[in-house]
Protein chains: 2
Amino acid sequence: MKFVEGGVCAAKGFRAAGLHCGIRKSQTKKDIALVVSDAKASAAAVYTLNLVKSAGITVTKRHLSDGYARAVICNSGIANTCVSDGEANALKMCELTAQAVGIDPADVVCASTGVIGVSLDMNPIAAALPQLADRLSENGHTDAAEAIMTTDTVRKEFAVEFELDGKLCHIGGMAKGSGMIHPNLGTMLVFITSDVAITPRMLENAVRSDVADTFNAVSIDGDTSTNDMVCLLANGTAGNTLIDCENADFDVFKAALHKLTDKLCTEIAKDGEGATKLIVCSVTGAVTKQDAKMIAKSVVCSSLVKTALFGADANWGRVLCAIGYAGASVDVTKVQVEFTSSAGSIKVCENGMGIPFSEDLAKTILTEDEITVRVTLADGDGAAVAKGCDLTYDYVKINGDYRT
Amino acid sequence: MKFVEGGVCAAKGFRAAGLHCGIRKSQTKKDIALVVSDAKASAAAVYTLNLVKSAGITVTKRHLSDGYARAVICNSGIANTCVSDGEANALKMCELTAQAVGIDPADVVCASTGVIGVSLDMNPIAAALPQLADRLSENGHTDAAEAIMTTDTVRKEFAVEFELDGKLCHIGGMAKGSGMIHPNLGTMLVFITSDVAITPRMLENAVRSDVADTFNAVSIDGDTSTNDMVCLLANGTAGNTLIDCENADFDVFKAALHKLTDKLCTEIAKDGEGATKLIVCSVTGAVTKQDAKMIAKSVVCSSLVKTALFGADANWGRVLCAIGYAGASVDVTKVQVEFTSSAGSIKVCENGMGIPFSEDLAKTILTEDEITVRVTLADGDGAAVAKGCDLTYDYVKINGDYRT
């Protein structure tokens, strides 16, 4: 099992394209992406739990109700949320896509990301779809990954190669961050493709169990978006024996999926709005896995922890504070905290209390751009990891005038 | 019922003092405050729900278990939290205070605020207490209010005058913000004094019911502190008939208390770390009061709403987003949102969707320093208000190197 190039086109039978159609003013920012499977694909998705939902979510849920899909159309710039013509335009996007690539509109997954409350102008999208269809290719994954970006500073696409029954299989994906991200089912836009043969039911099983420890354990800013989904299409082109139950092949598929999603999560967290640092909180020794997860999320969500790490300040008291209000069952007199990075590791708290440590070494460790806050409890066997980023001047700058 | 001068000394029989003793390096920043009641006072408090607690919280709880107290000692600079000598030092602070003013150590309320995980040096405190006792006066309230400040930019002290049985009564208070503030019972340090005669049980009843709508509806940064308490002392010097049950006098007392705490909350929110603006979210028409409260808190806690308002950007989609993930029962297709300030009012969302509005007028309204986000729902009669502040560059600056 290894990482390979190709993003959403690493899986056989998938082509992609992305271009600037005019939803965004900047000519250099691509704003619409198309991914198409040559064959009908099993499809499953998880969606944001926000009660305010993009019309794309509503329409996609309906289209995936039969468990199959052929294409993903996604625009950036406008969220198609809280607008009276939202559903009509989402359906129109599906129709235009279906016409352009010659499929059924009900086989189209439709997503949008961007400003809430502004109507999506369908003219540039209608003009773009024939071009997108023309440009579909196995090399189009990079354009597609760029077209779904909003405030992301780097595109996020990865792919994993592995074997099932001696058949070469792939799972590839692209994701967009980078703000309005907080654990609550799917919490960003993530499109994953695979050439594995798997039933819709088992695909849904795989994605649901995976997001709990991956996309649901990433927080950038505590805001659960209105538009998020994690969507998988698997077209069976690899020719493996159909996965239709929880067997050894399913375990391999889940492991490959996790390798991909874990990588995407790290990149989403690292590229959080304004972030200079990835912050990973790893908790062990909690009463239950759920307690560990609550604590890990609480630490990576704390504005005070995030600003301290931005300042490379070993202010572990804020970590203790975030552990204390996490809502988890925890013996706070047994907490141990270490800060770790590629520059080393330093223990700063033992038995819930400060211990002498070298501030110079701590500074050196925290000046790196990937920091792990290691929390060791003495309450049980529960363990979990959450990912986030620091809170910086640029987060304020980016979000102080996002619409302008 | 009117506001008067005098802070914690407005109530008869209370004296206060504050000075720089050396816990903080800066000679100009007072760091220890003392408030003393001439007579034994009914006392009640609410405390942070954080599992990680300052030793001051533990000791104060014990000292108030009999319902009475005489004095409050509070230092700023060091939190006396997560340190092995925490409880010993908190007890020592009480003893030193008791000796200096000639009372029982068990009648002392002890609080600390500042950096977590650093031992409190008792030498400057021991040296300061006789001086503090000497300086106690009815004019010392301002020094005391200044001595408990941490990152606060203005001292917060107010007092209310009212009548019970024709007797002139007072409730006065001082508070410190301004970071690590989030709703969870008491969420800052607030010391309130009164000359009303009231039993400890009714005093506790009053403070518990009051904080739900006041101190528990303020959020600066989502971090529930380890050291928070809201503590009331009422010494009966006003000579009113003892309030020992829920009667008309109790209602007057509660109204006066609310007038004071509401004012303190506004000032705490407005002076949140790095804040340039007070943000009030007022929700009406929710299914229940609890739903309204969840929604109001969700809006004022949203980093995206906070940064948008810092940028005077009428990005109401983020308000809808925060309403949608609040966890409250709400019909999102009926939501109306208005932004209001002293410069006017503008409706930006109706029936959960955007409506045309003047961006210029919105900018003018949002450029003021007190903004109300008015959310009108069509689900019921539930109403609530929450208070917070914007998220700014200075929040990041203040917290990126708090310890240095």
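Residues numbered from 1 in each chain as written. Chains lettered and ligands numbered in written order. Predicted model: local features only at pLDDT ≥ 70, side-chain atom pairs only at ≥ 80, totals over all residues. Heavy atoms only, no water.

The next thing to look at is the interface of chain A and chain B. Across the contact, 53 residues belong to chain A and 53 residues belong to chain B. With both chains or domains summed, chain A and chain B bury close to 4200 Å², and 60% of this area falls on carbon and sulfur atoms. Linking chain A with chain B are 0 salt bridges. Between chain A and chain B we count 10 residue pairs in polar contact (both at pLDDT 80 or more) in total. For the side of chain A that touches chain B, the residue count by class is 25 nonpolar, 19 polar and 9 charged. (Contact = heavy atoms within 4.5 Å. Buried area = accessible area lost by both parts, 1.4 Å probe. Salt bridge = Lys/Arg side-chain N within 4 Å of Asp/Glu carboxyl O. Polar contact = N/O pair within 3.5 Å; in protein donor to acceptor, adjacent residues only side chain to side chain. Nonpolar A, V, L, I, M, F, W, Y, C, P; charged D, E, K, R; others polar.)

The next thing to look at is unusual backbone geometry. Residues and elements named next belong to chain A. Backbone geometry places N80, a non-glycine residue, at a positive phi of 50°. Here N80 is to be found in the loop between β4 (68-78) and α2 (86-101). The residue A312 is not glycine, and still its phi comes out positive at about 55°. Structurally, the position occupied by A312 is in the loop between α8 (303-310) and α9 (316-324). Assessed through its relative accessible area of 8%, A312 is described here as buried. (Helix = DSSP H or I, 4+ residues; strand = E, 2+ residues; numbered from the N terminus. Buried < 20%, exposed > 50% of the residue type's maximum accessible area, 1.4 Å probe, protein only.)

Our next topic: the pattern of salt bridges. This structure, assessed with the given rule, holds 38 salt bridges over all chains. K30 of chain A is the partner of E146 of chain A in a salt bridge, and the nearest nitrogen-oxygen pair spans 2.6 Å. Of the two residues, E146 of chain A is situated in helix α4 (residues 141-147) and K30 of chain A in the loop between β2 (14-19) and β3 (32-47); the sequence distance between them amounts to 116 residues. Between K270 of chain B and E370 of chain B there is a salt bridge, with the nearest N and O atoms lying 2.6 Å from each other. Residue K270 of chain B is found in helix α6 (residues 248-270), and its partner E370 of chain B is found in strand β14 (residues 370-376); the two are separated by 100 residues along the sequence.

All names here are of chain A. Here we have 6 strands laid out as an open sheet, ordered β13-β12-β11-β14-β10-β15, and mixed in their pairing. The strands lining the two open edges of the sheet, one partner per strand, are β13 (353-354) and β15 (382-389). The pairing of strand β12 (residues 344-350) with β13 spans 2 bridges and is classified as antiparallel. Bridging from a neighbouring strand, C349 pairs with G354 of β13. Running over the sheet, helix α6 (residues 248-270) touches β10 (278-286), β14 (370-376) and β15 and is turned about 45° from β15. Together, β10, β14 and β15 form the strand contacts of helix α7 (residues 289-301), whose direction differs from that of β15 by roughly 20°. (Pairing = 2+ DSSP bridges. Axes fitted to C-alpha atoms, helices over the stretch in contact; angles between N-to-C directions.)

Residue and element names in this part refer to chain A. With their axes 8 Å apart at the nearest point, α7 and α9 run at an angle of 135° to one another. For the element pair α7 / α9, the angle class is oblique. Relative to α9, the crossing made by α7 is right-handed. Of the residues in α9, those in contact with I295, S298 and V299 of α7 are V319, A322 and I323. Classifying every residue of the contact of α7 with α9 gives 5 nonpolar, 1 polar and no charged. (Parallel < 35°, antiparallel > 145°, perpendicular 65-115°, else oblique. Left-handed = near helix turned anticlockwise from the far one by under 90°.)

This paragraph deals with the side chain of K156 of chain B. In this fold, K156 of chain B is placed in strand β6 (residues 156-164). Not counting chain neighbours up to four residues away, the residues in contact with K156 of chain B comprise G173, M174, A175, G177, L264, E267, I268 and D271 of chain B.

What follows deals with the packing of aromatic side chains. Applying the stated criterion to the full structure yields 5 aromatic pairs over all chains. A ring pair is formed by F310 of chain A and Y393 of chain A, whose centres lie 5.6 Å apart and whose planes are at 80°; its orientation type is edge-to-face. Of the two residues, F310 of chain A is situated in helix α8 and Y393 of chain A in helix α11 (residues 393-400); the sequence distance between them amounts to 83 residues. With a relative accessible area of 24%, F310 of chain A lands in the partly exposed category. A relative accessible area of 32% means that Y393 of chain A is categorised as partly exposed. Taking 6.4 Å as the distance between ring centres and 65° as the angle between the ring planes, the aromatic pair formed by F3 of chain B and F158 of chain B counts as edge-to-face. With F3 of chain B in strand β1 (residues 2-4) and F158 of chain B in strand β6, the pair connects residues that are 155 residues apart, well separated along the chain. The exposure class of F3 of chain B is partly exposed, given its relative accessible area of 38%. Among the aromatic side chains, those forming a connected cluster through ring pairs are F310 and Y393 of chain A together with F310 and Y393 of chain B. (Phe/Tyr/Trp six-rings, centres within 6.5 Å; stacked < 30°, edge-to-face > 60°.)

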